[in-house]
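For reference, the chains in residue letters:
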Amino acid sequence: MRILVTRPEEDGARTAARLAARGHECVVAPLMEIEYHDGPEIDLASFQAVLLTSANGVRALARRSRGRDVLALAVGDATAAEARAQGFTRVLAAEGEVHSLARLAATQLDPAGGPLLHAAGSVVAGDLVALLPDFRVERQVLYAAVAAGVMPQAIVEAFRQGGLDLALFYSPRTARIFMELAARAEIAAHLPQVTAGALSAAVASALRPPAWQSDSWRRIVVAQSPSEQALFDALAL
């Protein structure tokens, strides 16, 4: 199967490696570029725990800190795996979305035990400060995911030349970027030839074209839970 991977470069390479090991051919073309923010070292000893909502947030935090024994609460298994890879020794994983992370924090932590640090990007999918009103949550923006201004040529060629079976999307923002750039690049007419794999219902919603536009995907397959393995299972990869 020939599969389009739209994730940022580092995560996209890992996804492509997993798919290649299963015998699939991948076209890796990121729709966002990660830009890490420089700044002073962050003293993790000042926090009761850190809240990690993406693997990029983990990497950004690791670049700006040294201590690794702080309790790390990750939004899901992939983010937790990245935290462990970066040396964090106490890691708990939620169920893959920000509300489950807030529930995990509320059950595992004490509002009187000290502040929490949310290692965030410039665009956040959910407001942990609002979801944890009893806690003092300090959000630090440590990176930006910058959207592509034009559709990568590799994607344009993959759709126009045919032979692309599947396109994978891991966030609503990536899906929205794709749909906007697809219209500009005049490849929307090729969508009915390709199946879209969506990590969640929110991602699937962002992949559906406007009502005035007739072109749509061959089908959209949604993961049962917001994890890469669940998406692979849903697509029988």
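All of the points below concern the structure found in this document. (Residues numbered from 1 in each chain as written. Predicted model: local features only at pLDDT ≥ 70, side-chain atom pairs only at ≥ 80, totals over all residues. Heavy atoms only, no water.)

**Regarding the overall build of the chain**
Helix and strand counts for the chain stand at nine helices and eleven strands. Split into buried and exposed, the 237 residues of the chain put 50% on the buried side. Carbon and sulfur atoms make up 49% of the accessible area of the chain, which amounts to about 11000 Å² in all. Put simply, the chain has 22 plus and 25 minus side-chain charges, and the middle of one group is 2 Å from the middle of the other. (Helix = DSSP H or I, 4+ residues; strand = E, 2+ residues; numbered from the N terminus. Buried < 20%, exposed > 50% of the residue type's maximum accessible area, 1.4 Å probe, protein only. Areas by Shrake-Rupley, 256 points an atom, 1.4 Å probe, with all protein chains shown as cover. Lys, Arg positive; Asp, Glu negative; His and termini not counted. Charge placed at Lys NZ, Arg CZ, Asp CG, Glu CD.)

**Digging into the sheet that holds strand β11 (residues 219-222)**
The strand order β2-β1-β9-β10-β11 describes an open sheet built from five strands, whose pairing is parallel. At either margin of the open sheet sits one strand with a lone partner, and together these are β2 (25-28) and β11. When strand polarity is set aside, the average angle formed by the axes of neighbouring strands in this sheet is 25 degrees. With three bridges joining them, strand β1 (residues 2-5) and strand β9 (residues 166-169) adopt parallel strand pairing. Looking at the pairing, valine 5 lines up with leucine 168 of β9. (Pairing = 2+ DSSP bridges. Axes fitted to C-alpha atoms, helices over the stretch in contact; angles between N-to-C directions.)

**Notes on the pattern of salt bridges**
Applying the stated criterion to the full structure yields 13 salt bridges. Taking the shortest distance from any N to any O, the salt bridge between arginine 63 and aspartate 38 comes out at 3.4 Å. Taken together, the residues arginine 63 in helix α2 (residues 55-63) and aspartate 38 in the loop between β3 (32-36) and β4 (49-52) connect sequence positions 25 residues apart. Judged by its relative accessible area of 66%, aspartate 38 is exposed. In this structure, arginine 139 and aspartate 127 form a salt bridge, with 3.0 Å as the shortest nitrogen-oxygen distance. (Salt bridge = Lys/Arg side-chain N within 4 Å of Asp/Glu carboxyl O.)

**A word on the side chain of arginine 68**
Its location among the elements puts arginine 68 in the loop between α2 and β5 (71-74). For arginine 68, which is buried and forms no salt bridge, the nearest opposite charge comes from glutamate 41, at a distance of 8.0 Å. Among the polar contacts made by the side chain of arginine 68, one reaches the side chain of serine 65 at a distance of 3.1 Å. At 3.3 Å, the side chain of arginine 68 forms a polar contact with the backbone oxygen of arginine 66. Those residues in contact with arginine 68, other than ones at most four positions away along the chain, are Leu44, Ala62, Gln86, Gly87, Phe88 and Thr89. (Polar contact = N/O pair within 3.5 Å; in protein donor to acceptor, adjacent residues only side chain to side chain. Contact = heavy atoms within 4.5 Å.)

**Focus: the packing of aromatic side chains**
What the rule picks out here adds up to five aromatic pairs. Of note, arginine 7 hangs over the ring of tyrosine 170, and the distance from its end group to the ring centre comes to 4.2 Å. A cation over a ring is seen here: arginine 68 above phenylalanine 88, with NZ or CZ 4.9 Å from the ring centre. (Phe/Tyr/Trp six-rings, centres within 6.5 Å; stacked < 30°, edge-to-face > 60°. Lys NZ or Arg CZ within 6 Å of the ring centre and 35° of its normal.)

**Points about the packing of α2 against helix α3 (residues 77-85)**
As a packed pair, α2 and α3 sit with axes 8 Å apart at the nearest point and diverge in direction by 20 degrees. Comparing the axis directions of α2 and α3 gives the class roughly parallel. Note that α2 runs across α3; the crossing there is right-handed. In this structure, α2 uses Ala55, Val58 and Arg59 to contact α3, whose residues at the interface are Thr79, Glu82 and Ala83. Its residues assigned to classes, the contact of α2 with α3 shows three nonpolar, one polar and two charged. (Parallel < 35°, antiparallel > 145°, perpendicular 65-115°, else oblique. Left-handed = near helix turned anticlockwise from the far one by under 90°. Nonpolar A, V, L, I, M, F, W, Y, C, P; charged D, E, K, R; others polar.)

**So, the nonpolar core**
Across soluble globular proteins, nonpolar side chains show a tendency to be buried alongside one another. Residues Leu61, Met151, Phe159, Phe178 and Trp217 are the most contacted members of the largest nonpolar core, which totals 65 residues. Among the elements that make up this core, the one with the highest residue count is helix α7 (residues 172-184) (six residues). Sequence-distant contacts of phenylalanine 178, defined by excluding residues within four places in its chain, comprise Leu4, Leu31, Met151, Ile155, Phe159, Phe169, Leu191 and Trp217. Among the nonpolar cores identified, the runner-up in size contains 17 residues, and Ala49, Leu51, Leu71 and Val137 belong to it. (Core = buried A, V, L, I, M, F, W, Y, C linked by side-chain atoms within 4.5 Å.)

**A closer look at α2**
Within α2, eight of the nine residues are buried, leaving the element largely enclosed by the surrounding structure. Along its buried surface, α2 packs onto α1 (9-21), β3, β4, α3, β7 (116-121) and β8 (137-147).

**Digging into the sheet that holds β5**
Here we have six strands laid out as an open sheet, ordered β3-β8-β7-β4-β5-β6, and mixed in their pairing. The sheet is open, and its two borders are formed by β3 and β6 (90-93), each paired with just one other strand. Across the sheet, the mean angle separating the axes of adjacent strands is 25 degrees when strand polarity is ignored. As paired strands, β7 and β8 are joined by six bridges and run parallel to one another. Considered in β8, the bridge of alanine 119 is made with glutamine 140. The sheet contacts of α3 involve β4, β5 and β6, and relative to β6 the element is tilted by about 170 degrees.

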